[in-house]
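Results of the structural survey
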Amino acid sequence: MLQPKRVKYRRPHIIKYEGHTKAGATIAFGKYGLQACEGNWITARQIEAARVVLSRYTKRGGQVYVRIFPHLAKTQKAAGTRMGSGKGTPESWVAVVKEGRVMFEIGGVPEEMAMEALRLAAYKLPIKCRVIKKGE
């Protein structure tokens, strides 16, 4: 699964996902893309699950581009721990996705195959998404 090699701060503050994305709202590499219609945190497991669906449905033909990366560490305190005594340990990694961000791109496959693959990948994500073409 995806995670950074090293980070500046082990237990960062929360990054908000409200508002519109300031970058990455257009298709840059492929012909078709999956765009977020709302903001949320996407875990490394969810990114991997969507990537696997895309590569399997296209039978590893064409090219799949993952445009998001889980930089933010999510912490969790151990079960049964009393209140206080600092922040918990990092448990998972998430990507902060804002509205309008293109998360996945695909190219080199027929249009109907790309549309169906991206539709199936959207089921693996906890947000509403839409499939877009290059130039939209």
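Located above this text is the structure these notes cover.
Before going into details, it helps to say that this report is about the structure given with it. (Residues numbered from 1 in each chain as written. Predicted model: local features only at pLDDT ≥ 70, side-chain atom pairs only at ≥ 80, totals over all residues. Heavy atoms only, no water.)

1. Considering the overall build of the protein
- Looking only at helices and strands, the protein has 2 helices and 7 strands in total.
- Sequence-ordered secondary structure for the protein, helices as α and strands as β, is β-β-α-β-β-β-β-α-β.
- Overall, the C-alpha framework of the protein stretches about 55 × 30 × 25 Å when taken along its three principal axes.
- Among the 136 residues that make up the protein, the fraction classed as buried is 34%.
- For the protein, contacts bridging at least 24 residues in sequence account for 82% of all contacts bridging at least 6.
- Within the protein, one finds 26 positive and 10 negative side-chain charges whose respective centroids are separated by 11 Å. (Helix = DSSP H or I, 4+ residues; strand = E, 2+ residues; numbered from the N terminus. Buried < 20%, exposed > 50% of the residue type's maximum accessible area, 1.4 Å probe, protein only. Contact = heavy atoms within 4.5 Å. Lys, Arg positive; Asp, Glu negative; His and termini not counted. Charge placed at Lys NZ, Arg CZ, Asp CG, Glu CD.)

2. Observations regarding the pattern of salt bridges
- For the structure shown, the criterion picks out 4 salt bridges.
- Where K133 meets E111, a salt bridge forms, and the shortest distance between an N and an O atom there is 2.8 Å. Taken together, the residues span a long stretch of sequence, with K133 in strand β7 (residues 129-133) and E111 in helix α2 (residues 111-122) at a distance of 22 residues.
- Accessibility expressed as a relative area gives 34% for E111, which makes it partly exposed.
- For R119, the salt bridge is made with E116, and the minimal N-O distance between the two is 2.5 Å. With R119 and E116 both in helix α2, this residue pair falls 3 residues apart, about one helical turn. (Salt bridge = Lys/Arg side-chain N within 4 Å of Asp/Glu carboxyl O.)

3. Description of the sheet that holds strand β1 (residues 32-36)
- Reading across from one edge, β3-β6-β1-β7 is the order of the 4 strands in this open sheet, with antiparallel pairing throughout. Across the chains shown, the open sheet's two edge strands, defined by having one partner strand only, are β3 (63-66) and β7. Here the average twist between neighbouring strands, direction ignored, is 20 degrees.
- Taken strand by strand, helix α1 (residues 44-57) contacts β3 and β6 (102-107), and its axis lies near 15 degrees from that of β6.
- Against the sheet, α2 touches β1, β6 and β7, its axis set at about 25 degrees to β1. (Pairing = 2+ DSSP bridges. Axes fitted to C-alpha atoms, helices over the stretch in contact; angles between N-to-C directions.)

4. Re a nonpolar patch on the surface
- On the surface, L2, V66 and F69 cluster together into a nonpolar patch covering about 190 Å² of accessible area.
- Residue placement: F69 occurs in the loop between β3 and β4 (72-76).
- The exposure class of F69 is partly exposed, given its relative accessible area of 32%. (Patch = residues over 30% accessible without salt bridge, like charges linked within 9 Å, V, L, I, M, F, W, Y side chains within 5 Å. Areas by Shrake-Rupley, 256 points an atom, 1.4 Å probe, with all protein chains shown as cover.)

5. Structural notes on the packing of aromatic side chains
- Scanning the entire structure with this criterion turns up 2 aromatic pairs.
- Both rings, one in Y17 and one in W41, keep their centres 5.3 Å apart while their planes meet at 80 degrees; by these two values the pair is edge-to-face. Of this pair, Y17 sits in the segment before β1 while W41 sits in strand β2 (residues 40-43), placing them 24 residues apart in sequence.
- Judged by its relative accessible area of 26%, Y17 falls in the partly exposed class.
- Between the aromatic rings of F29 and Y65, the centroid separation amounts to 5.4 Å while the plane-to-plane angle is 25 degrees, which identifies the pairing as stacked. With F29 in the segment before β1 and Y65 in strand β3, this residue pair connects regions lying 36 residues apart in the sequence.
- Take F29: its relative accessible area is 52%, and that puts it in the exposed class.
- Here K74 stacks its cationic end above the ring of W41, 3.7 Å away from the centre of that ring. (Phe/Tyr/Trp six-rings, centres within 6.5 Å; stacked < 30°, edge-to-face > 60°. Lys NZ or Arg CZ within 6 Å of the ring centre and 35° of its normal.)

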